[in-house]
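Letter by letter, the chains look like this.
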Amino acid sequence: MTLPAMPLLLRAKRPVTELHPHSLDFQVRVGHPQRQPSHAGHPPACVLTLTRTADQEVDALSLQLAAQGVPLIRIDADRCPQAETLWDPVTGTLHWEGTTFRPVVCWRRYFDAQAMRLQGTGRHSAGRLETHYMRDQWSAWGHAMASSVVRRINHSAGSFPPDRISQLRAARSAGLRIPATVVTSVPASALKAIAGEGDLLVKSLGHHAVESAPGQLHGVYPERVRRDEIRGYNSPESAPLLVQEFVEADSELRVYIIGAQMVAYKVTRPAPEALWTTPDSIFVEECAVPAGIEVALWRVADQFGLEMAAFDLLDAPGGPVFLEVNTHSDWLWAERKAKSDAVSRAVHTMIKDLFEAHDSGPEGSTTHA
């Protein structure tokens, strides 16, 4: 047997994205809208986001909410170590970096432990111990905080999005087409499991990037592989991966669910990895949701308790083919390409409506709508 030098998805030189912890958030840099305390004397309500500084969608959301008089407290994983905070879980009061608010709506997006860094710890054992301790404690804090807020976005999904295999099973159960799929640590074994002579698509079971150091992301994007090429990967790799039949399609569909709304974009790209490697080659236009899949997408969203999600499907001959659903739901890249702000407007409206619905609600409540 031939042992590949590197796992299949790490064999080629991958693009590295450097993310710096310098916030561009309007409310972080300028300040929060002033609001009066509640009638019960509790601090004013706010929207809370748990993410990281590179989250441009939350940058845009913060500016829009500020214009509407809604405070947004943003806690970034890459800026939270050594931050001054005090939280009272009973009253829901959060003191954060000199501000005092009561979060009533929470959206957890990119609040990942891998993004957290301590300055000056070096590589010595004490520094590594403190880093692990810090990441574990902040992760526990983020989970507890998000769980306690009156209204969470995608609240039924829990702290982690549904895994890709659960997504495929739910899509198939809802009546959507899915590619033939196997999960394996020996890529060559997929040749027998997936019938036919066509190419295969290899993708990660987890994130589409590996953060080798805080702020340093290595792309791990889906890759189209010929069958004769994959035969050389006939020994166990260090981690399992997902292998699917490659379905020919001229374009893809990116369908966003925002509350009770649905917005779709048609995405044309020359290769599966183009979004990461050659973003200028991608063409996007707003389109109607194809007949026959709306109900199925709502069923998948309902099964996982998602009210904000982005579905990726192939616009293939014979009908759309489900690929995956992304709960981070990044939309600015699609809007900029399509010169459309339909998703942004829907997101801002949904967050503001949720905030207003709970702004004067029961104090300290942990009931999730």
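Residues numbered from 1 in each chain as written. Predicted model: local features only at pLDDT ≥ 70, side-chain atom pairs only at ≥ 80, totals over all residues. Heavy atoms only, no water.

A word on the state of the cysteines
Moving on, step 1. Under the defined criterion, the tally for this structure stands at zero disulfides.
Moving on, step 2. Cys-46 carries a free sulfur, and the closest cysteine sulfur to it, the one in Cys-106, is 9.3 Å from it.
Moving on, step 3. Look at Cys-46 and you get buried, because its relative accessible area is 0%. (Disulfide = S-S within 2.5 Å. Buried < 20%, exposed > 50% of the residue type's maximum accessible area, 1.4 Å probe, protein only.)

Describing helix H8 (residues 294–304)
Moving on, step 1. Three or more residues of H8 are buried, namely Ala-296, Leu-297, Val-300, Ala-301 and Phe-304. Here the buried residues of H8 occupy an arc of 135° about the axis, which is enough to place them on one side. In H8, those exposed residues whose orientation departs by more than 90 degrees from the buried face are Val-295, Asp-302 and Gln-303.
Moving on, step 2. Close packing links the buried residues of H8 with helix H4 (164–173), strand S14 (252–258), strand S15 (261–268) and strand S17 (308–314).
Moving on, step 3. At the exit of H8 stands Gly-305, carrying a positive phi of roughly 70°. (Helix = DSSP H or I, 4+ residues; strand = E, 2+ residues; numbered from the N terminus. Arc of directions from axis to C-beta. Contact = heavy atoms within 4.5 Å.)

Some remarks on the side chain of Glu-211
Moving on, step 1. Summarising the element assignment, Glu-211 is placed in strand S10 (residues 209–213).
Moving on, step 2. The class of Glu-211 is buried, set by a relative accessible area of 16%.
Moving on, step 3. Ignoring sequence-local partners within four residues, the contact set of Glu-211 consists of Arg-52, Gln-114, Ala-115, Gln-216 and Leu-217.

Describing helix H2 (residues 56–67)
Moving on, step 1. The terminal C-alpha atoms of H2, which comprises twelve residues, lie 17 Å apart, in line with the 16 Å expected from a rise of 1.5 Å per residue.
Moving on, step 2. Looking at H2, one finds that the buried residues are Glu-57, Val-58, Asp-59, Leu-61, Ser-62, Leu-65 and Ala-66.
Moving on, step 3. The inward-facing, buried residues of H2 abut helix H1 (26–29), strand S2 (45–51), strand S3 (72–76), strand S6 (99–108), helix H9 (332–338) and helix H10 (342–359).
Moving on, step 4. At the N-terminal boundary of H2, the capping side chain belongs to Asp-55, with an oxygen 3.2 Å from the backbone nitrogen of Glu-57.
Moving on, step 5. Looking at the residues trailing H2, positive phi occurs at Gly-69, about 80°. (Expected span 1.5 Å × (residues − 1). Polar contact = N/O pair within 3.5 Å; in protein donor to acceptor, adjacent residues only side chain to side chain.)

Description of the side chain of Arg-109
Moving on, step 1. Inspection of the secondary structure puts Arg-109 in the loop between S6 and helix H3 (125–148).
Moving on, step 2. Judged by relative accessible area, Arg-109 falls into the buried class, the value being 4%.
Moving on, step 3. Within the structure, Arg-109 has its side chain in polar contact with the side chain of Asp-55 (distance 2.6 Å).
Moving on, step 4. Arg-109 has contacts with Leu-50, Thr-51, Asp-55, Glu-57, Val-58, His-328, Asp-330 and Trp-331, leaving out every residue within four places of it along the chain.

Here we look at the packing of H4 against H8
A pair of packed helices is characterised by two quantities: the angle between their axes and the separation of those axes.
Moving on, step 1. Between H4 and H8, the least distance of the axes is 9 Å, while the angle of their chain directions is 135°. Accordingly, the angle class assigned to the pair H4 and H8 is oblique. Here the hand of the crossing between H4 and H8 comes out right-handed. Between H4 and H8, the contacting residues are Ser-166, Gln-167, Ala-170 and Ala-171 on the first element and Val-300, Gln-303 and Phe-304 on the second. (Axes fitted to C-alpha atoms, helices over the stretch in contact; angles between N-to-C directions. Parallel < 35°, antiparallel > 145°, perpendicular 65-115°, else oblique. Left-handed = near helix turned anticlockwise from the far one by under 90°.)

As for the pattern of salt bridges
Moving on, step 1. Applying the stated criterion to the full structure yields 21 salt bridges.
Moving on, step 2. A salt bridge links Glu-223 to Arg-11, with the nearest nitrogen and oxygen atoms 2.2 Å apart. Here Glu-223, found in strand S12 (residues 223–225), pairs with Arg-11, found in the segment before strand S1 (16–18); they are 212 residues apart in sequence, far enough to count as distant.
Moving on, step 3. Its relative accessible area of 11% is what places Glu-223 among the buried residues.
Moving on, step 4. Among the ionic pairs, Glu-324 bridges to Arg-164, the shortest N-O distance being 3.0 Å. Here Glu-324, found in strand S18 (residues 321–326), pairs with Arg-164, found in helix H4; they are 160 residues apart in sequence, far enough to count as distant.
Moving on, step 5. You can call Arg-164 buried: its relative accessible area is 11%. (Salt bridge = Lys/Arg side-chain N within 4 Å of Asp/Glu carboxyl O.)

Re the domain arrangement of the chain
Moving on, step 1. Each domain of the chain was delimited in the assignment, giving domain 1 (1–18 + 180–244), domain 2 (32–152) and domain 3 (156–178 + 247–359).
Moving on, step 2. Centre-to-centre separation of domain 2 and domain 3, based on C-alpha positions: 27 Å.
Moving on, step 3. The contact between domain 2 and domain 3 buries some 2,100 Å² in all, and 62% of this surface belongs to carbon and sulfur atoms.
Moving on, step 4. Looking only at domain 2, the three residues that lose the most surface to domain 3 are Glu-57, Trp-107 and Arg-151, adding up to 28% of its buried area.
Moving on, step 5. The shortest N-O distance in the salt bridge between Asp-330 and Arg-109 comes to 2.7 Å.
Moving on, step 6. Linking domain 2 to domain 3 there are nine residue pairs in polar contact (both at pLDDT 80 or more).
Moving on, step 7. Of all elements in the fold, only S2, H2, S6 and strand S7 (151–152) reach the threshold of two or more residues within the side of domain 2 that touches domain 3.
Moving on, step 8. Top element by residues in the side of domain 2 that touches domain 3 is H2. It accounts for six residues.
Moving on, step 9. A breakdown of the residues in the side of domain 2 that touches domain 3 according to their chemical character gives 13 nonpolar, four polar and seven charged. (Domains from an automatic or database assignment. Buried area = accessible area lost by both parts, 1.4 Å probe. Nonpolar A, V, L, I, M, F, W, Y, C, P; charged D, E, K, R; others polar.)

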